[in-house]
Amino acid sequence: MNGQHVISIPELTARVEAIFRKAGFSAEHADALSRVLVAGERDGCKSHGIYRVEGCLRTLARGKVVPDAVPVVSDEEGAIVRVNAGGGFSNAAFEAGLPKLVERTGALGVAAMVVNDCTHFAALWPEIEAITEHGLAALAMCPSYATVAPVGGCEPLLGTNPLAFGWPRAGHPFVFDFATSVAARGEIELRRRAGESLPQGWALGPDGSPTRNPEEALAGAMLPFGSHKGSAISTMIELLAGAMIGDLTSREALDWLGDTSLSPSHGELILAFDPARFANGREGSPEARAEMLFDAIVGQGARLPSQRRFAAREVAESNGIVLTAEENARLERLEREGLAAVS
């Protein structure tokens, strides 16, 4: 198959989990990390797939993540569920807080999970999908480290600052998850590895001039999507998921981290909504009215977000995940050498 390697989802998950365990991560973290990375690979999201394993190990080797941190969920009541990740990756912290978030949302109609002191690298849609499985709508956001210039500026100040939303449906939910930069930083790194140029308008070089060179872009600044609109939304995320929850903004995260080759440390804000509680018995169920809207969108020939991802998921679940020869070789090297491969 031209050097390609086909592997089942469980087999790839086991391989990635073993790499994390060998590196010193606890069973809880290795399990959560391997599942979210393989989910990205399964869904065709290469920028958030197994390519990220090296960055996770590099972050550990530099002492910037706690491999055996035990997330602590606060026992306070009310609409805010607080989870302290203890310096560990956010994935296990989210999973620890999810049951209480669902319970609080059911009781109050709306609730928020605040994750503090976490290291974060993953896509947000796995968390969004986990919430929609309980019949809830969800919104998640977090800062990153400063790699994006505000519109009109020329130096990194904002993060790629992803924003994700989900609405529960039978089958696959309505989900979008996008960076507020023109593209995720991982997309630029993948184009650098492939020797490809960037589209115009993605980035500025170190001198502040527009560039299509991935190397210059990674050394300079990315740009927000949608000009001033994306810049404003990105700033909102810095405020809500940084300053408001008492955690690091993207600039502060970069100052603490030192460089952008590691996974950033900051917080995360996740909101959950019970559509039935908000509708409060008014005529027409929220779910049925939502389906009318989705049908109207598709009826015009438009595509709902994440449909390509769901299609890739179905193929991978039936036929396995296809890795390139280079991807499989990188994985084998990490299996042999562990942390030494990134030191």
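To keep things clear, this report deals only with the structure shown in the data block. Everything numeric here is computed off the predicted structure, so don't read it as measured data.

1. Some remarks on the overall build of the protein
And then number 1: Of regular secondary structure, the protein possesses 13 helices and twelve strands.
And then number 2: Its C-alpha atoms give the protein a radius of gyration of 20 Å, near enough to 20 Å, the size a compact globule of 343 residues would have.
And then number 3: Considered along the principal axes of its C-alpha atoms, the protein spans approximately 60 × 45 × 45 Å.
And then number 4: By residue count, 50% of the 343 residues in the protein fall in the buried class.
And then number 5: For the protein, long-range pairs separated by at least 24 residues make up 68% of all intrachain contacts whose partners lie at least 6 apart in sequence.

2. Things to note about the pairing of strand β3 (residues 80–84)
And then number 1: Here β3 shows one buried face, formed by Val81 and Val83, and one open face, formed by Ile80, Arg82 and Asn84.
And then number 2: Bridge analysis of strand β2 (residues 72–73) against β3 gives two bridges, and the strand direction is antiparallel. Pairing of Val72 across the sheet is with Asn84, part of β3.
And then number 3: Across five bridges, the pairing between β3 and strand β4 (residues 110–119) is parallel. Bridge pairing in β4 places Val81 opposite Met113.
And then number 4: Viewed along the sheet, the connection from β3 through helix α4 (residues 90–108) into β4 turns out right-handed.

3. Looking at the packing of aromatic side chains
And then number 1: Tallied over the entire structure, the rule returns nine aromatic pairs.
And then number 2: Summarising the aromatic geometry, the rings of Phe165 and Phe176 are spaced 5.8 Å apart at their centres and angled 35° between planes, so their arrangement reads as tilted. Of this pair, Phe165 sits in strand β6 (residues 163–167) while Phe176 is found in strand β7 (residues 174–178), placing the two residues eleven residues apart along the sequence.
And then number 3: Judged by relative accessible area, Phe165 falls into the partly exposed class, the value being 21%.
And then number 4: The interplanar angle of 70° and the centroid separation of 5.6 Å between the aromatic rings of Phe178 and Phe225 together place this pair among those described as edge-to-face. With Phe178 in strand β7 and Phe225 in the loop between β10 (221–222) and α8 (228–243), this residue pair connects regions lying 47 residues apart in the sequence.
And then number 5: Under the relative-accessibility criterion, Phe225 is labelled partly exposed at 27%.
And then number 6: One aromatic cluster is present, formed by Phe165, Phe174, Phe176, Phe178, Phe225 and Phe294 through successive ring pairs.

4. Here we look at the sheet that holds β7
And then number 1: Taken together, seven strands build an open sheet; the order of strands is β2-β3-β4-β11-β5-β6-β7 and the sheet is mixed. Where the open sheet ends on each side, the last strands, each with one partner, are β2 and β7.
And then number 2: In terms of strand pairing, strand β5 (residues 137–141) meets strand β11 (residues 265–273) through five bridges, oriented antiparallel. Within β11, the position partnered with Met141 by the bridge is Leu269.

5. What to know about unusual backbone geometry
And then number 1: Even without glycine at this site, Asp117 takes up a positive phi of about 55°.
And then number 2: Positionally, Asp117 belongs in strand β4.

6. Concerning the sheet that holds β10
And then number 1: Here three strands make up an open sheet; going across it, the order is β9-β8-β10 and the pairing antiparallel. Taken across any chain shown, the strands that pair with only one partner, and hence form the sheet edges, are β9 (210–211) and β10.
And then number 2: Two elements, strand β8 (residues 203–204) and β9, share two bridges in a ladder whose sense is antiparallel. Directly across from Leu204, in β9, lies its bridge partner Pro210.

Rules and cut-offs
- Residues numbered from 1 in each chain as written.
- Predicted model: local features only at pLDDT ≥ 70, side-chain atom pairs only at ≥ 80, totals over all residues.
- Heavy atoms only, no water.
- Helix = DSSP H or I, 4+ residues; strand = E, 2+ residues; numbered from the N terminus.
- Rg over C-alpha atoms; globule rule 2.2 N^0.38 Å.
- Buried < 20%, exposed > 50% of the residue type's maximum accessible area, 1.4 Å probe, protein only.
- Contact = heavy atoms within 4.5 Å.
- Pairing = 2+ DSSP bridges.
- Right-handed = clockwise from strand over helix to strand, strands pointing away.
- Phe/Tyr/Trp six-rings, centres within 6.5 Å; stacked < 30°, edge-to-face > 60°.

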